[in-house]
Amino acid sequence: MKERTLAILKPDCLEKRVQGKVIQQIIDAGFDIKGMRLLSLSEDSAKKFYEVHKERPFYGELVAYMTSGPVVPLCLEKDNAVADFRKLIGATNPANAEEGTIRKMYADSIERNIVHGSDSAENAKKEIAHFFNDSDLV
Ligand code: CMP
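Not measured: the values here are computed from a predicted model. Starting afresh in each chain, residues are numbered from 1 along the sequence in its written order. The predicted origin of the model limits local features to residues at a pLDDT of at least 70 and limits the giving and counting of side-chain atom pairs to 80 or more, whereas totals for whole chains, interfaces and linings rest on all residues. Hydrogens and water molecules were not included; the side-chain quantities draw on all heavy atoms of the structure.

Moving on, we come to the overall build of the chain. Tallying secondary structure elements over the chain gives 7 helices and 4 strands in all. Reading the chain from its N terminus to its C terminus gives the helix and strand order β-α-α-β-α-α-β-α-α-β-α. Each radius of gyration reported is based on C-alpha atoms, and the globular scaling rule is 2.2 Å times the count of residues to the power 0.38. Taken over C-alpha atoms, the radius of gyration comes to 14 Å for the chain, in line with the 14 Å a tight globule of 138 residues would show. Expressed as lengths along the three principal axes of its C-alpha atoms, the size of the chain is roughly 35 × 35 × 25 Å. Burial classes: relative accessible area under 20% of the type maximum marks a residue as buried, over 50% as exposed, and values in between as partly exposed (1.4 Å probe, protein chains only). Taking all 138 residues of the chain together, the buried fraction comes to 46%. Partitioning the contacts of the chain with sequence separation of at least 6, the portion at a separation of at least 24 is 76%. As displayed, the chain offers around 7600 Å² of accessible surface, 48% of which is attributable to carbon and sulfur atoms. A positive count includes Lys and Arg, and a negative count includes Asp and Glu. His and the chain ends are not counted in either. In plain terms, the charge of a residue is placed at NZ if it is Lys, CZ if Arg, CG if Asp and CD if Glu. Charged side chains of the chain number 20 positive and 22 negative; the gap between the two group centres comes to 1 Å. Secondary structure elements follow DSSP: runs of H or I no shorter than four residues count as helices, runs of E no shorter than two count as strands, and numbering proceeds from the N terminus. Contacts: residue pairs with any heavy atoms within 4.5 Å of one another. Where accessible areas are quoted, they stem from the Shrake-Rupley method and a 1.4 Å probe; at the residue level, only the protein chains shown are allowed to cover.

Another aspect to go through is the nonpolar core. For this analysis, a nonpolar core means a set of buried residues of the types Ala, Val, Leu, Ile, Met, Phe, Trp, Tyr and Cys, connected via side-chain atoms within 4.5 Å. In this structure, L9, V22, I26, F85, I102 and I114 are the most contacted members of the largest nonpolar core, which totals 21 residues. Contributing elements (two or more residues each) for this core: β1 (2-9), α1 (11-15), α2 (19-28), β3 (72-79), α5 (81-89) and α6 (102-106). Top contributing element to this core by residue count: α5, with 4 residues. Counting 18 residues, the second largest nonpolar core, distinct from the first, contains A46, F49, Y59 and I128.

Let us now look at the site of the ligand. Any residue with a heavy atom lying within 4 Å of a molecule or strand is counted as near it. Neighbouring the ligand are the residues K10, Y50, H53, F58, L62, T92, R103, I110, E111, N113 and H116. As used in this structure description, the phrase polar contact means that two N or O atoms lie within 3.5 Å; if the pair is within protein, one of them must be able to donate a hydrogen and the other to accept it, and residues adjacent in sequence are counted only when both atoms belong to side chains. Within the side chain of R103, an N or O atom sits 3.4 Å from an oxygen atom of the ligand. In the model, an oxygen atom of the ligand is placed 2.9 Å from a nitrogen or oxygen of the H116 side chain. Protein chains shield 80% of the accessible area of the ligand, which is 460 Å² for the free molecule.

The next thing to look at is the environment of P94. As for its placement among the helices and strands, P94 is situated in the loop between α5 and α6. Here the alpha-carbon distance between P94 and M36, two residues 58 residues apart in the chain, equals 25 Å. Not counting residues up to four positions away in its chain, the partners in contact with P94 are R103, K104, A107, D108, S109, I110 and N113.

Quick look at the structure:
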């Protein structure tokens, strides 16, 4: 069944100028892009997006990092999109990511890990709504 997930190309992805390559890998893996934006996250918006991590020791650094440069949120659609996208990007820590995954190929560290992917269909709905109105999606 068709499912949607939210991806964010993070500031390190754009700094490294590999956003085109990463988007091509996403398309080649069978995802349809239903929405795509280029924006700079405000501190408030980044804090809200990562609210589930607010008690974590890395929360402050994560927010600072995600507001350090432009990002590209994408609404992606495919059968089994949430799980398949997490498989495509690899483990959160690129040191543990499998060969051929996007994080293994491009990421430097657990924080500078190139791309975000929703961890459940329920969170995907909330995360998509953080960046897109229904009328923004094709
Ligand atoms: P992401 O998939 O965007 O979801 C939460 C982010 O927090 C995660 O990717 C990492 O970039 C970051 N993160 C998770 N664990 C740690 C950690 N131990 N130290 C620093 N950053 C982390």
